[in-house]
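Listed below, chain by chain, are the residues.
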Amino acid sequence: MTKIENEAQYEWAVARVEELLPLVNDETPETDPNYIELVLLSNLVADYSDEHYSLGQPSLIDIIKLRMYEMGLTQAALAKLIGVSPSRICDFLSGKSEPTIKVGREISRKLNIDPAIVLGV
């Protein structure tokens, strides 16, 4: 098997991985058949999971909304905090416009969001 192609194969592989886990530990040699099978099946399960169950990266809007919630900020309070009008915050959160570099820098600093996320890289 080079790839898990359907849900039935995926469920079988997950069950088999669970059977193999107690048989392999840190001292198990890499040449042990159980170790080899566990590594191969784990990689296949991971690939299938990434392809079919991946949640993807959250958007900047999602992250700003989460941070606002965590910090107890309203849109007006966020606007004041980063030095823009409340209508600009509304535009950012609705996706109508994106922050400028200067505003992005303030969002990153004041909300403690990774600059790479703010810049979309």
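Anything mentioned here points back to the structure above.
Every value quoted in this text rests on a predicted model; they were computed, and no experiment measured them.

Asks: Quick rundown of the layout of surface pockets? Include the residues and the values.
Replies: Its volume calculated, the largest pocket comes out at about 410 Å³. In terms of lining residues, the largest pocket is bounded by 21 residues, among which Leu60, Ile117, Val118, Leu119 and Gly120 are the most central. Of the residues in the lining of the largest pocket, the class split is 12 nonpolar, six polar and three charged.

Asks: For the pattern of salt bridges, give the residues involved together with the corresponding values.
Replies: Scanning the model with the defined rule gives seven salt bridges in all. For lysine 3, the salt bridge goes to glutamate 51, with nearest N and O atoms at 3.9 Å. Of this pair, lysine 3 sits in the segment before helix 1 (7–20) while glutamate 51 sits in helix 2 (residues 33–53), and the two are 48 residues apart along the sequence. Across the pair arginine 88 and aspartate 91 runs a salt bridge, and its minimum N-O distance is 3.5 Å. A residue pair is termed a helical-turn pair when its members lie 3 or 4 positions apart in one helix, as arginine 88 and aspartate 91 do in helix 5 (residues 86–94) at three residues. According to the relative accessible area criterion, arginine 88 is partly exposed, its value standing at 32%. For aspartate 91, a relative accessible area of 22% puts it in the partly exposed group. Among the ionic contacts, a cluster of salt bridges with common partners joins Arg16, Glu19 and Glu37.

Asks: Outline helix 2, listing residues and values.
Replies: Taking 1.5 Å per residue, 21 residues should reach 30 Å; helix 2 reaches 29 Å between its end C-alpha atoms and fits that length. Within helix 2, burial applies to Leu38, Leu41, Leu44, Val45, Tyr48 and Ser49. All buried residues of helix 2 fall inside an arc of 140° around its axis, so they share one side. Across from the buried face of helix 2, at angles greater than 90 degrees, the exposed residues are Leu40, Asp50 and Glu51. Packed against the buried residues of helix 2 are helix 1. At the N-terminal boundary of helix 2, the capping side chain belongs to aspartate 32, with an oxygen 2.8 Å from the backbone nitrogen of asparagine 34.

Asks: Can you break down the nonpolar core residue by residue, with the values?
Replies: Ile64, Leu78, Ile82, Ile89, Ile107 and Ile113 are the most contacted members of the largest nonpolar core, which has 16 residues in total. At the level of elements, helix 3 (60–71), helix 4 (75–82), helix 5 and helix 6 (101–111) are the ones that each hand at least two residues to this core. Top element by residues in this core is helix 3. It accounts for four residues. Apart from residues no more than four positions distant in its own chain, isoleucine 82 is found in contact with Ile89, Val103, Glu106, Ile107 and Lys110. Core analysis: the next-biggest nonpolar cluster, separate from the first, contains 11 residues, Val17, Leu38, Leu44 and Val45 among them.

Reading guide: rules and limits
Residues numbered from 1 in each chain as written. Predicted model: local features only at pLDDT ≥ 70, side-chain atom pairs only at ≥ 80, totals over all residues. Heavy atoms only, no water. 1 Å grid on protein atoms, 1.4 Å probe; cavity = no way out; pocket = protein on both sides within 12 Å on 5 of 7 lines; lining within 4 Å. Points joined across faces, edges and corners; volume = space filled by probe spheres on them. Nonpolar A, V, L, I, M, F, W, Y, C, P; charged D, E, K, R; others polar. Salt bridge = Lys/Arg side-chain N within 4 Å of Asp/Glu carboxyl O. Helix = DSSP H or I, 4+ residues; strand = E, 2+ residues; numbered from the N terminus. Buried < 20%, exposed > 50% of the residue type's maximum accessible area, 1.4 Å probe, protein only. Expected span 1.5 Å × (residues − 1). Arc of directions from axis to C-beta. Contact = heavy atoms within 4.5 Å. Polar contact = N/O pair within 3.5 Å; in protein donor to acceptor, adjacent residues only side chain to side chain. Core = buried A, V, L, I, M, F, W, Y, C linked by side-chain atoms within 4.5 Å.

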